Amino acid sequence: MRHILILGGTSEARQLAGRLADRRDLKVTLSLAGRTAHPAAQPVPVRVGGFGGIDGLAAYLANQHIDVLVDATHPYAATMAAHAAEAAARMKVPIVALRRKAWTAIAGDNWMEVADIGGAVVALGASPRRVFLAIGRKEVGAFATAPQHDYLIRSVDPVEPPLDVPRAAYIVARGPFSEDDERALLGQHRIDVVVAKNSGGKATKGKIAAARALGIKVVMLRRPALPDVLTADTVQDAVAWLDHVPAPPPDRGV
Ligand code: NAP
């Protein structure tokens, strides 16, 4: 029985686990970083918390006799992706990255692409704007350097401590979010700029479509550089790859 480790934290990781859960030829473990207080239920056994860098992950791959590694982390989880690629190469464990394709701008979109969160803060400009931040909790703090704006901040768990600016409102919610609901939200809060990550997929695309419909600018954080490993765009492709991946070499060592 092959043991598959899925690095998760995304809906695709959960869907892949669901597709593999009943397979008798596979043992599947899903790994979560442990960032959210109430993670979604998972269809396979879960381990939680960091591995302790590349060395820790390499040791885990050996100790748990992992035969295949699936990096199904979010496209902005660049550190984990790099560690996964390094540890898999070191331990000669086959690896595939399950990554949603990035969104591309279409007619009517008004995107300004920026390299990182600092670039997003600068892109908002000096004049006060009404900003919707939908980028998760981790990097929200950077916007404290631009206190002239009104912020609407949405995240899965509360932002703690709150952003140190005079005007910020918070929404704690987990996607998916429909375009209609996003349009209503942007209108209700009179948002004039959305800051987003190019996450890809359907669950959070509603705000991008809503911004297009309302003529609202989107400051889009570019995806970080990710390691050059074999990539599957969809859960179905990842399953197909798993079914054809060669058996691990006998001299893999520990
Ligand atoms: P990151 O910066 O790439 O990773 C930081 C550290 O967190 C890693 O070095 C690792 O610790 C630990 N880690 C990350 N993912 C892990 C996993 N699946 N299992 C075990 N440990 C993990 O990651 P991040 O951007 O903070 O994201 C954390 C988690 O949230 C990821 O699982 C990601 O899929 C999910 N997520 C991220 C975003 C985002 O925008 N970044 C959005 C949605 C979901 P050690 O070095 O100790 O092993």
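Criteria and thresholds
- Residues numbered from 1 in each chain as written.
- Predicted model: local features only at pLDDT ≥ 70, side-chain atom pairs only at ≥ 80, totals over all residues.
- Heavy atoms only, no water.
- Pairing = 2+ DSSP bridges.
- Helix = DSSP H or I, 4+ residues; strand = E, 2+ residues; numbered from the N terminus.
- Axes fitted to C-alpha atoms, helices over the stretch in contact; angles between N-to-C directions.
- Contact = heavy atoms within 4.5 Å.
- Domains from an automatic or database assignment.
- Buried area = accessible area lost by both parts, 1.4 Å probe.
- Nonpolar A, V, L, I, M, F, W, Y, C, P; charged D, E, K, R; others polar.
- Polar contact = N/O pair within 3.5 Å; in protein donor to acceptor, adjacent residues only side chain to side chain.
- Parallel < 35°, antiparallel > 145°, perpendicular 65-115°, else oblique.
- Left-handed = near helix turned anticlockwise from the far one by under 90°.
- Near = heavy atom within 4 Å.
- Areas by Shrake-Rupley, 256 points an atom, 1.4 Å probe, with all protein chains shown as cover.
- Buried < 20%, exposed > 50% of the residue type's maximum accessible area, 1.4 Å probe, protein only.
- Arc of directions from axis to C-beta.
- Phe/Tyr/Trp six-rings, centres within 6.5 Å; stacked < 30°, edge-to-face > 60°.
- Lys NZ or Arg CZ within 6 Å of the ring centre and 35° of its normal.

Moving on, we get to the sheet that holds strand β10 (residues 193-197). Across the sheet, 6 strands lie side by side as β6-β11-β10-β7-β8-β9; this open sheet has parallel pairing. The open sheet has two edge strands, β6 (111-114) and β9 (168-172), and neither has a second partner. Going across the sheet, the axis of each strand differs from the next one's by a mean of 20°, ignoring polarity. Of the pairings in the sheet, the one linking β10 to strand β11 (residues 217-221) comprises 5 bridges and is parallel in character. From the neighbouring strand, Ala196 faces β11, where its bridge partner is Met220. Relative to the sheet, helix α5 (residues 179-188) contacts β7 (130-134), β8 (150-155), β9 and β10, its axis offset from that of β8 by approximately 150°.

With that settled, consider the sheet that holds strand β5 (residues 95-98). Backbone-to-backbone hydrogen bonds pair the strands of a sheet. The strands run either parallel or antiparallel. Spatially, β3-β2-β1-β4-β5-β12 is the arrangement adopted by the 6 strands of the open sheet, whose pairing is parallel. Pairing within the sheet leaves two strands with one partner each, and these edge strands are β3 (46-48) and β12 (231-232). Sheet topology note: the strand β1 (residues 2-7)/strand β4 (residues 68-71) ladder contains 4 bridges and is parallel. Paired with Ile4 across the bridge in β4 is Val68. Contacts between helix α1 (residues 11-20) and the sheet are confined to β1, β2 (26-32), β4 and β5, with β1 contributing the most and set at about 160° to the helix. This element, helix α3 (residues 78-91), spans β1, β4 and β5 of the sheet and lies at about 165° to β4.

Our focus in this paragraph is the domain arrangement of the chain. Segmenting the chain into domains produces domain 1 (2-101 + 225-244) and domain 2 (111-221). The centre of domain 1, based on its C-alpha atoms, is set 29 Å off from the matching centre of domain 2. Contacts between the two partners involve 11 residues from domain 1 and, on the opposite side, 10 residues from domain 2. Summing both partners gives a buried area of about 790 Å² for domain 1 against domain 2, and 43% of it is carried by carbon and sulfur. Its largest share of buried area at the contact with domain 2, domain 1 owes to Arg35, Tyr76 and Arg100, together 54% of the area lost on that side. Its residues placed into classes, the side of domain 1 that touches domain 2 shows 5 nonpolar, 3 polar and 3 charged.

Mapped onto the secondary structure, Glu182 falls in helix α5. Separated by 2.7 Å, the side chains of Glu182 and Arg154 make a polar contact. If near-sequence neighbours (up to four positions away) are discounted, Glu182 is found in contact with Arg154, Phe177, Gly206, Lys207 and Ala210.

Further remarks concern the packing of α5 against helix α6 (residues 206-214). Packing of α5 against α6 brings their axes to within 8 Å, and their N-to-C directions diverge by 55°. Considered as vectors, α5 and α6 are oriented oblique to each other. Helix-helix and strand crossings are classified by hand; for α5 and α6 the assignment is right-handed. Contact with α5, carried on its side by Glu179, Glu182, Arg183, Leu186 and Gly187, involves Gly206, Lys207, Ala209, Ala210, Ala211, Ala213 and Leu214 of α6 and no other residues of that element. Tallied by class, the residues present in the contact of α5 with α6 amount to 6 nonpolar, 2 polar and 4 charged.

On to the site of the ligand. Around the ligand there are 23 residues in total, and Gly8, Ser31, Phe51, Met80 and Lys197 lie nearest to it. Contacts to the ligand include Gly52, whose backbone N or O atom sits 2.9 Å from an oxygen atom. Protein contact buries 81% of the 800 Å² of open area that the ligand shows by itself. Broken down by secondary-structure element, the contributors of at least two residues to the shell around the ligand are β2 and α3.

The subject of this paragraph is helix α7 (residues 235-242). Those residues of α7 that sit buried are Val235, Ala238, Val239, Trp241 and Leu242. Buried residues in α7, looked at end-on, bunch into an arc of 160°, giving them a common side. Looking at the buried positions of α7, the neighbouring elements they touch are β1, α1, β4, β5 and β12.

Turning our attention to the packing of aromatic side chains. A full pass over the atoms with the stated rule returns 2 aromatic pairs. For the pair Phe143 and Tyr151, a centre-to-centre distance of 5.9 Å together with 65° between the ring planes defines the contact as edge-to-face. The class for Phe143 is buried, based on a relative accessible area of 0%. The buried category is assigned to Tyr151, whose relative accessible area is 3%. Over the face of the ring belonging to Phe51 we find Arg47, whose NZ or CZ atom lies 3.9 Å from the ring centre. Across from the ring centre of Phe177, 3.5 Å away, lies the NZ or CZ of Arg154, which sits over that ring.

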